[in-house]
Amino acid sequence: MIDSQRLESIVSEAGRIAYDLWPGAGNDLNAWEKRPGDPVCEADLAVDAFLKRELGALLPAAGWLSEETADDPARLGHDLIWLVDPVDGTRDFIRGRSGWAVSVALISGGRPLIGALCAPARGENWTAVAGQGAWRNGERLRASTRDALTGARVPAHALPKVDTDLVAVDQPNSIALRIAMVAADEADLVATVRWGFEWDIAAAGMIAREAGAAVSDAYGRKLDYNKRDPRAFGVLVSAPAIHGAAVERLAQRLTRD
């Protein structure tokens, strides 16, 4: 097995590199758009290069898939891959807000083996290992145990009219941090109904699952990783008792669409 302390050190250092470029700490930042509506900044690239080098040295046998690196199909021949989002929540990062995190997952046979998030602007380090639980800053996490969909806490700036029975709570731009909120019992439900990439959800989904949450795609199906097309349609993370009801609600919405 890999050196877990070294891994935690690498992810923490990646967070420090990002923080030292974060406008919220008073730093100037170069940012641009890869495509219209798809921002990127120098921190994304700096963290990506650092993690690729250090994680590659930590586990040379592992492949690599990251938001900021051109996809190499050779990864499909690896049982182990690193799945990385150097700065998840780039919009918050660029605006100087704290809702961003470095996201790192180790995938084995299409399943998350280790997940780590570093959110230095919030002073948070999240980790999980398959079968060993999930932790934030050394404290074990227990996911939401809510048993009714009505009244469920959802990270959102505003809720649509069809969801007025739910309760909006603080929404960081990072989808990984939103998922982690369910792991920490700070939210009961996170759902998206659009195509998203594996690097957005792998580490946080692992953390939520190890904390006791239910984790699936928008249809309630299990999530696979290191696919040829590294996307999934939506993600649904919730307290286990409301997962079925959430799947049904999303299904009605998807049918209408």
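A quick note: this is a predicted structure, and the numbers were derived from the prediction, not measured.

Parameters and conventions
Residues numbered from 1 in each chain as written. Predicted model: local features only at pLDDT ≥ 70, side-chain atom pairs only at ≥ 80, totals over all residues. Heavy atoms only, no water. 1 Å grid on protein atoms, 1.4 Å probe; cavity = no way out; pocket = protein on both sides within 12 Å on 5 of 7 lines; lining within 4 Å. Points joined across faces, edges and corners; volume = space filled by probe spheres on them. Helix = DSSP H or I, 4+ residues; strand = E, 2+ residues; numbered from the N terminus. Pairing = 2+ DSSP bridges. Axes fitted to C-alpha atoms, helices over the stretch in contact; angles between N-to-C directions. Contact = heavy atoms within 4.5 Å. Expected span 1.5 Å × (residues − 1). Buried < 20%, exposed > 50% of the residue type's maximum accessible area, 1.4 Å probe, protein only. Arc of directions from axis to C-beta. Polar contact = N/O pair within 3.5 Å; in protein donor to acceptor, adjacent residues only side chain to side chain. Salt bridge = Lys/Arg side-chain N within 4 Å of Asp/Glu carboxyl O.

### Description of the layout of surface pockets
Working step 1: What the largest pocket holds in volume is close to 620 Å³.
Working step 2: Taken together, 28 residues form the lining of the largest pocket, with Glu67, Asp88, Arg194, Phe197 and Asp200 sitting closest to its centre.
Working step 3: Going through the elements one at a time, strand E1 (31-35), strand E2 (38-41), strand E4 (80-88), helix H3 (90-94), helix H4 (175-183), strand E12 (189-197), helix H5 (198-211) and strand E14 (231-238) are the ones with two or more residues in the lining of the largest pocket.
Working step 4: Among the elements that take part in the lining of the largest pocket, E12 stands out by supplying five residues, more than any other.

### Focus: the sheet that holds E14
Working step 1: The antiparallel open sheet is built from three strands, whose spatial order is E12-E14-E13. If you trace the sheet from one side to the other, it starts and ends with E12 and strand E13 (214-216), each paired once. Between one strand axis and the next, the sheet turns by 10 degrees as a mean value, whatever way the strands run.
Working step 2: Sheet analysis places E12 next to E14, joined by seven bridges and oriented antiparallel. Across the sheet, Thr192 pairs through a bridge with Val235, a residue of E14.
Working step 3: Here H4 sits on the sheet in contact with E12 and E14, set at roughly 150 degrees to E12.
Working step 4: Running at roughly 150 degrees to E12, H5 makes contact with E12, E13 and E14 of the sheet.

### What about the sheet that holds strand E3 (residues 63-66)?
Working step 1: With mixed pairing, the seven strands of this open sheet are ordered in space as E3-E4-E5-E6-E7-E8-E9. Sheet topology places E3 and strand E9 (139-140) at the edges, where each strand pairs with a single neighbour.
Working step 2: For E3 and E4, the ladder comprises four bridges, and the chain directions are parallel. Paired with Leu65 across the strands is Leu83, a residue of E4.
Working step 3: Here H5 sits on the sheet in contact with E3, E4, strand E5 (101-108), strand E6 (111-119), strand E7 (124-129) and strand E8 (133-136), set at roughly 100 degrees to E6.

### Points about helix H1 (residues 4-19)
Working step 1: For H1, built from 16 residues, the straight-helix expectation of 22 Å at 1.5 Å per residue is met to within 8% by its first-to-last C-alpha distance of 22 Å.
Working step 2: For H1, the full list of buried residues reads Leu7, Ile10, Val11, Ala14, Gly15, Ile17 and Ala18. Buried residues in H1, looked at end-on, bunch into an arc of 160 degrees, giving them a common side.
Working step 3: In this structure, the buried side of H1 is in contact with helix H2 (42-58), E4, H3, E5 and E6.
Working step 4: The residue sitting at the N-terminus of H1 and contributing the capping side-chain oxygen is Asp3; that oxygen lies 3.1 Å from the backbone nitrogen of Gln5.

### Regarding unusual backbone geometry
Working step 1: Not every positive phi belongs to a glycine, and Asn137 is a case in point at roughly 50 degrees.
Working step 2: Positive phi is not limited to glycine here, since Asn226 has a value of about 60 degrees.
Working step 3: For Asn226, a relative accessible area of 13% translates into the label buried.

### Things to note about H2
Working step 1: With 17 residues, H2 should reach 24 Å at 1.5 Å per residue; the first-to-last C-alpha distance of 24 Å fits that figure.
Working step 2: Within H2, burial applies to Ala43, Asp44, Val47, Asp48, Phe50, Leu51, Glu54, Leu55 and Leu58.
Working step 3: Close packing links the buried residues of H2 with H1, E2, E3, E4, H3 and E5.

### Section: the pattern of salt bridges
Working step 1: Per the counting criterion, the structure on display carries 21 salt bridges.
Working step 2: Taking the shortest distance from any N to any O, the salt bridge between Arg136 and Glu186 comes out at 3.0 Å. Taken together, the residues span a long stretch of sequence, with Arg136 in strand E8 and Glu186 in the loop between H4 and E12 at a distance of 50 residues.
Working step 3: Close ionic contact of Lys222 with Asp224 constitutes a salt bridge, the shortest N to O distance being 2.9 Å.
Working step 4: Overall, Lys222 belongs to the exposed group, its relative accessible area being 54%.
Working step 5: Three or more residues joined by partner-sharing salt bridges are found here, namely Lys34, Arg35, Asp38, Glu67 and Glu68.

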